[in-house]
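# Working through the structure, step by step
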Amino acid sequence: MKYALALALSHGADIFILDEPTSGLDPLVRSELMEILKDIVSEEGKTVLMSTHLTSDLDKIADYLYFILDGKIILHGQKDKIKDQHAIVKGDAAVLSQDCEMYFVGINKTAYGFEGLTDNKTMLKKAMQKPVIYEVPTIEDIMLYYIRRNK
């Protein structure tokens, strides 16, 4: 795998299409590859298209995301805008109302409260009457909530 990546990257191409490029690599080599890919995409006219299930790689390098589930594009756009539009929301389940729940992609309720993902934190903040905690989601958080909603 290391040899194949080194060979592919050595040609100075303008576009790289990589399918699971870090699969099977140890953490150190994976980190080094991510740094190389960052350097490549920082060059004018260079593009890397990467398909991966390792969402931590996407958090490190991606500018744009296309989330495809069962052959359909579920979510796409600039990574930072997607993360900014979404939020992990936590709080007491008693504060949830039907008006609030419509702003969630998904909600997990327990005896201790709730945790959910909203795709419209601006409107949820207006609808929420009681204080809750808002956290920045990871790409993995976002993907998991959308997968659960669509299954």
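Below you will find a few notes about this structure. Since the structure is predicted, the reported quantities are computational estimates derived from the model, not experimental observations.

## A few points about the nonpolar core
The biggest cluster of nonpolar side chains holds 26 residues, and the ones touching the most others in it are L37, V48, M50, L117 and Y146. Contacts of L117, omitting those with residues within four sequence positions, involve H86, A87, I88, Y103, F104, V105, G106, P137, D141, I142, Y145 and Y146. Residues A87, V95, C100 and M128 belong to the second largest nonpolar core, which totals 12 residues.

## Description of the packing of aromatic side chains
Summed over all chains, the structure comprises 1 aromatic pair. With a centroid separation of 6.0 Å and 85° between ring planes, the pair formed by F104 and F114 is classed as edge-to-face. Taken together, the residues F104 in strand 6 (residues 104–110) and F114 in strand 7 (residues 113–118) connect sequence positions 10 residues apart. In this pair, the class of F104 matches that of F114, namely buried. In this structure, K125 is placed above the aromatic ring of Y134, and the distance from its NZ or CZ to the ring centre is 4.9 Å. For the cation-ring pair, R148 lies above Y145, with the distance from its terminal atom to the ring centre recorded as 5.7 Å.

## Brief notes about the layout of surface pockets
A volume near 870 Å³ is recorded for the largest pocket. If you go around the largest pocket, you meet 26 residues; those closest to its centre are M50, L58, Y64, L65 and Y66. Listing elements by their share of the lining of the largest pocket, those giving two or more residues are strand 1 (15–19), strand 2 (47–51), helix 3 (55–61), strand 3 (64–69) and helix 7 (139–150). Looking at side-chain class alone, the lining of the largest pocket contains 19 nonpolar, 4 polar and 3 charged residues.

## Some remarks on the pairing of strand 7
Burial analysis of strand 7 places 5 of its 6 residues in the buried class, which makes it a mostly covered element. Where strand 6 lies against strand 7, 6 bridges are found, and the strand directions are antiparallel. What sits directly across from I107, in strand 7, is G116. Joining the antiparallel neighbours strand 6 and strand 7 is a turn of 2 residues.

## Regarding unusual backbone geometry
In this structure, E20 is a non-glycine residue whose phi angle is positive, near 50°. Note that E20 resides in the loop between strand 1 and helix 2 (27–42). Taking the relative accessible area as the measure of exposure, E20 reaches 17% and is therefore buried. Although it is not a glycine, D70 sits at a positive phi angle of roughly 50°. Among the structural elements, D70 can be located in the loop between strand 3 and strand 4 (72–78).

Calculation criteria
- Residue numbers here run from 1 along each chain, matching the order of that chain's written sequence.
- Totals for whole chains, interfaces and linings use all residues, but because this is a predicted model, local features are given only for residues with pLDDT of at least 70 and pairs of side-chain atoms are given and counted only at 80 or more.
- Side-chain descriptors were evaluated using all non-hydrogen atoms of the structure, hydrogens and water having been removed beforehand.
- Among the buried residues, those of types Ala, Val, Leu, Ile, Met, Phe, Trp, Tyr and Cys that are joined through side-chain atoms within 4.5 Å form a nonpolar core.
- Exposure classes here rest on a 1.4 Å probe applied to the protein chains alone. A residue is buried below 20% of its type maximum, exposed above 50%, and partly exposed in between.
- Residue contacts are defined here by distance: any two heavy atoms, one from each residue, within 4.5 Å place the two residues in contact.
- The aromatic pairing rule takes the rings of Phe, Tyr and Trp, using the six-membered ring of Trp, and pairs them if the centres are within 6.5 Å, calling planes under 30 degrees apart stacked, those over 60 edge-to-face and the rest tilted.
- Helix numbering and strand numbering both begin at the N terminus, where a helix is a DSSP run of H or I of at least 4 residues and a strand a DSSP run of E of at least 2.
- Charges are assigned to positions over rings by a cutoff of 6 Å between ring centre and Lys NZ or Arg CZ, combined with an angular limit of 35 degrees from the ring normal.
- Whether a set of points on the 1 Å grid over the protein atoms alone is a cavity depends on a 1.4 Å probe fitting there but being unable to get out, while an open set qualifies as a pocket with protein on both sides within 12 Å along at least five of seven lines; lining residues are those with an atom within 4 Å of a point.
- Grid points are joined across faces, edges and corners, and a volume is the space filled by probe spheres set on the points.
- All residues other than Ala, Val, Leu, Ile, Met, Phe, Trp, Tyr, Cys, Pro, Asp, Glu, Lys and Arg, Gly among them, are scored as polar; the first ten of these are nonpolar and the last four charged.
- A pair of strands is treated as paired once DSSP finds two or more bridges between them.

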